[in-house]
Amino acid sequence: MSTKAIRATLSGLAIVPAFIAVMYTTVAKDAVYYKHVNEVMKSPDQWYGKPMQLHGFVVDKSILQRPNTMDYRFKIKTDEYSVVADYTGIVPDTFKDGAEVVLSGRLGPEGFKVDPNGVTAKCPSKYEAAGPSGSAIR
Amino acid sequence: MASLGSFLILTAFVLASGAFAASIAGARRGQRSLIDGGTGLFHTVTAITGVISALIVHSFVIGDFGIKYVQRYSNSEQPLFYKLASYWGGLDGSLMFWVTLLAIFGSVAVYVNRERHRLLVPWVVAVISVVEMFFLFVMVVHNNPFETYLTTPPAAGAGLSPLLQNFYMAIHPPLLYLGFTGMTIPFAFGIAALASGQLDDSWLRAIRTWTMTAWLFLTVGLSLGALWAYEELGWGGYWGWDPVENAGLLPWFTSTALLHSVIVQERRGMLKVWNVALVIVTFFLTIFGTFLTRSGVVQSVHAFGENRELAWLFTGFMVFTLVVSFGLVIYRLPLLRARNELDSWTSREAAFLANNWVLLFAAFFVLFATMFPTLSEALGQGRLTVAAPFFNKWLTPVGLILLFLTGVGPLLAWRKSSLANATYQFFWPTAAGVVTTAAIMFVGIPFWPSGLCFGLCAFVTYTILQEFWRGARVRQGATGTDVLTALIGLVARSRRRYGGYIVHVGIVLVFLGFAGGSYERSEEGVLKPGQQITIGSYTVAYRALTVTRDAQKEMVTAQVDVSEDGAALGSLYPARWFFEGRTDEPTTEVALRRSVAEDLYVVLAGFTVETQEAKLQVKVNPLVNWIWFGVGIMLIGTVIALLPERAFAFATSRVPAGAAPTTLLLLLLMFGMTAGVRAQHVASPQNVPVVPRTSLERELQSQIVCMCGTCGRQRISECTCSTAAEMRQELAALTAKGLTHDEIVAYYVDKWGSQEVLAAPIDKGFNRLAWLLPYGIGAMGVMTIAGLALKWSRRAAQTPPAAATTGANQALEERLDDELRDLD
């Protein structure tokens, strides 16, 4: 093996893992938890204040809206666990009873406080239905 | 029909395996008959996929709801255009569509290269056949688009998702697929070169056009997806870093890198392994993208199916691809040795290499961040996700470095740039960049990232202008023509280089649009009629809510009056549409007021009909239109790079002085005129065409023109103004009365006092002259152009060679000629 090849291999061996490590740590710093309601609500206090994305289904007839405002209060659930969410802003087209949603925000003792523009409803995609709700295709 | 379809899929699979086996055996034994047999089977597969596609389209058009796929993705009320689009509206059909496109591309590539790359062709056939076999196999065992209902089928179709019933969305997937499948051709040639050991640069020449074409489709496809998100989803942005979007972007990064690194191999004989690897990685990423979007491995807000079996099939194929491809690369390493080494870091090849590294980093980063939730889960850290701001934070510097390199590359010389040369090249572009940044910061825009972005845009633009200007001056000196003719000649002689520069201009414009994104403003509120929202210099006053319906949907439309600094700008009509049977998936119809500087973006986010309350979201998106415009320029640049030499034959021959400027002036005038017509479009609440209920109504809608006086005589079937809407309703009433075609025409002629209301005059008597006139003018035009072309090319043949150039331009000319010769 020529010296050049050895040099290239060694620098590769040094650089690539270092690069991946740096990348992983920086990404992890900015990453937020992605949790289902049941995972969080089993022991909610340990999640208080942590930024996260919370996945669940809107509980039927739970969506309340303060008249003349964009303040919403609704419940989302996974299995038997549910949580109250507060949100101010515009909700997506597909946000309704039973919709599969992902909320960005933080959990507190009063419930889940959703960030501005933090409600994402699963969009009815052109591909096959997914998830227990089977929301995409009826 | 369904059984025939399923049978043909199976047949195609069997024939593709035959093509694979025959080609490999033929290539290894050097038996012509086997190779020809394999190629024949390969073309047969293409023909069969064409027939299968025709069957699917036919089933959609006649509404054969016994076939599950047809039932799920269409219904009888859907307009024909969206019935066709339903073909690729679901997973099964999109796989079939993929194979069809691949087969067509493959057949064309094999046919075109059958003589020039005789030794590579059987291997190319084998590789493409394997890819076809994989997709056909998936359909045979898992996703047959011809699957039927075993019990009584539903009487009606479910319909294509309303969100997808949008023009951009109908054409965005095919373009993206064309890009994806197009990337298979370079891969097939790369593997063919590796397998056959024909590793000189000839395979690169074979893939040049294909890579560029596929890249173009990928670029336009991605942009249309972004445009769709912007206009249809109503969240005000165009790119959300969703896994599905990222899947399309990954091969774009690597293919862009490939387009650049190929030049280094052609010119300097370096980066051979790198290029083969890029071809493989790009192909791999197209398959990986498909896997990502269809297997449910990555959680996406798009409800793409969670499909374990399909995931395993794709994983198997990807592992197979990687092992075989890189196995071949390792096996052929001795043949892939570089002819030259990097002489200096201040050389063009070094700039290209840097550009490649940055692009690859971008691809790697996007891949990593997209897969991060899955990775973190696998590492036992729980599912962690990253969001759009994270992507933006990381990729902003990456984008700016790329933009910088876009400017630097063309300024550096091959091998090594001397200090004098660098100063000569860099002085004015750098000055332009610095002055622009200073000016931008002076008006209060921060340096990072917008100020720097604007500065770099100026820098790159200046480098490109400088390249064009200096090149044209040299050519002008050499040929003695006017500068515009010299410019056209310059582009014609080195299409790939100057086409590439034009693509770079497009990139600059796209970056301008990105920079504008930092300054978007947004306001929202629940309004009663008469109330208003103020945003920047705009005032948006809410007037009323109306509910209308047509055969397909119910439409709730808000009217808002827009004014800027007190001056009325007209009304906008944001709406929500509720499609029949899909009322739980309303679509947002964004109302846009477009301008060069910014878009006013109004969304009707919610409403209460009884109280006439409307929830409105108003956004101002600065410079966003430059993105779409930039993509248009990129398209033009790529087409120039792709054009065959003879397309420029007219321009490169000696034309009389002044001919080029006159032609350009005429062209500009023509474009200017059409722009005027488009600009007169007025958006209005009734911009929904009334769907014709009878064939007579449909026929008449396309024979009668809008008489509002501002729409440029558009047919009422197409026109979106309110007059056309009224005319459509009037026509509907007339046909409902049972009037015949001639009676209705007579009614209109009588009402408007002439035949002006008809799209074409009645074909009778004197009117026949009007029918003949366009043909006559067309024939005369053709004759004139042919005559001129003949005359000019003759004169070119008689003109003696160009006069000697002056000493001052000697060095430049030599450099230019040197580079032009080597590039093409």
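Data block above holds the structure.
Described below are features of the structure shown in this document. (Residues numbered from 1 in each chain as written. Chains lettered and ligands numbered in written order. Predicted model: local features only at pLDDT ≥ 70, side-chain atom pairs only at ≥ 80, totals over all residues. Heavy atoms only, no water.)

**A look at the pattern of salt bridges**
All names here are of chain B.
Here is step 1 of the chain: Taken as a whole and assessed by the stated rule, the structure comprises 22 salt bridges over all chains.
Here is step 2 of the chain: The partner of glutamate 554 in a salt bridge is arginine 549, with the nearest N and O atoms 3.3 Å apart.
Here is step 3 of the chain: Salt bridges here are not isolated pairs; linked through shared partners, they connect Arg208, Glu266 and Arg496. (Salt bridge = Lys/Arg side-chain N within 4 Å of Asp/Glu carboxyl O.)

**Quick look at unusual backbone geometry**
Here is step 1 of the chain: The peptide bond linking Trp448(B) to Pro449(B) adopts the cis configuration, its omega dihedral lying at -10°.
Here is step 2 of the chain: Along the chain, Pro449(B) falls in helix H16 (residues 447–479).
Here is step 3 of the chain: A positive phi angle is found at Asn117(A), which is not glycine, with a value near 55°.
Here is step 4 of the chain: Given the relative accessible area of 59%, Asn117(A) is considered exposed.
Here is step 5 of the chain: Positive phi is not limited to glycine here, since Trp241(B) has a value of about 55°.
Here is step 6 of the chain: With respect to the element layout, Trp241(B) can be found in the loop between helix H9 (202–233) and helix H10 (243–268).
Here is step 7 of the chain: On the basis of relative accessibility, which here comes to 14%, the residue Trp241(B) falls in the buried class. (Helix = DSSP H or I, 4+ residues; strand = E, 2+ residues; numbered from the N terminus. Buried < 20%, exposed > 50% of the residue type's maximum accessible area, 1.4 Å probe, protein only.)

**Section: the nonpolar core**
Here is step 1 of the chain: Counting 193 residues, the largest nonpolar core has Phe135(B), Phe189(B), Trp203(B), Phe288(B) and Leu403(B) as its most contacted members.
Here is step 2 of the chain: Per-element accounting of this core gives the leading share, 17 residues, to H9(B).
Here is step 3 of the chain: Apart from the residues within four sequence positions on either side, Leu403(B) is in contact with Cys453(B), Leu456(B), Cys457(B), Val460(B), Ile507(B), Val508(B) and Phe511(B).
Here is step 4 of the chain: Of all hydrophobic cores here, the second largest spans 22 residues; its members include Leu54(A), Ile76(A), Val101(A) and Leu107(A). (Core = buried A, V, L, I, M, F, W, Y, C linked by side-chain atoms within 4.5 Å. Contact = heavy atoms within 4.5 Å.)

**Observations regarding the sheet that holds strand E9 (residues 591–593) of chain B**
Residues and elements named next belong to chain B.
Here is step 1 of the chain: What the four strands build is an open sheet, ordered E2-E11-E10-E9; its pairing is antiparallel. Two strands in the sheet have a free side with no partner beyond their single neighbour: strand E2 (521–527) and E9. Direction aside, neighbouring strands of the sheet carry axes that sit 15° apart on average.
Here is step 2 of the chain: Summarising the sheet, E9 and strand E10 (residues 598–608) pair through three bridges and their orientation is antiparallel. What sits directly across from alanine 591, in E10, is valine 602. (Pairing = 2+ DSSP bridges. Axes fitted to C-alpha atoms, helices over the stretch in contact; angles between N-to-C directions.)

**Focus on the packing of helix H18 (residues 495–516) of chain B against helix H19 (residues 625–642) of chain B**
The description of two helices packed together rests on the angle between their axes and the distance between the axes.
Residues and elements named next belong to chain B.
Here is step 1 of the chain: Packing of H18 against H19 leaves a shortest axis separation of 7 Å and a crossing angle of 175°. Comparing the axis directions of H18 and H19 gives the class roughly antiparallel. Residue-level contacts link Arg495, Arg496, Gly499, Ile502, Val503, Val505, Gly506, Ile507, Leu509, Val510, Gly513 and Phe514 of H18 to Trp626, Ile627, Phe629, Gly630, Val631, Ile633, Met634, Gly637, Thr638, Ile640 and Ala641 of H19.
Here is step 2 of the chain: When its residues are assigned to classes, the contact of H18 with H19 shows 15 nonpolar, six polar and two charged. (Parallel < 35°, antiparallel > 145°, perpendicular 65-115°, else oblique. Nonpolar A, V, L, I, M, F, W, Y, C, P; charged D, E, K, R; others polar.)

**Here's the deal with the environment of Tyr72(A)**
Here is step 1 of the chain: Examined against the element boundaries, Tyr72(A) turns out to sit in strand E4 (residues 71–78).
Here is step 2 of the chain: Dropping the residues within four chain positions of it, Tyr72(A) is found in contact with Ile63(A), Leu64(A), Gln65(A), Ala85(A), Asp86(A), Tyr87(A), Gly89(A), Val91(A) and Lys615(B).

**Considerations on the pairing of strand E6 (residues 567–572) of chain B**
Here is step 1 of the chain: Looking at chain direction, strand E5 (residues 553–564) of chain B and E6(B) are connected through five bridges and run antiparallel. Within E6(B), the residue paired with Glu564(B) across the bridge is Ala567(B).

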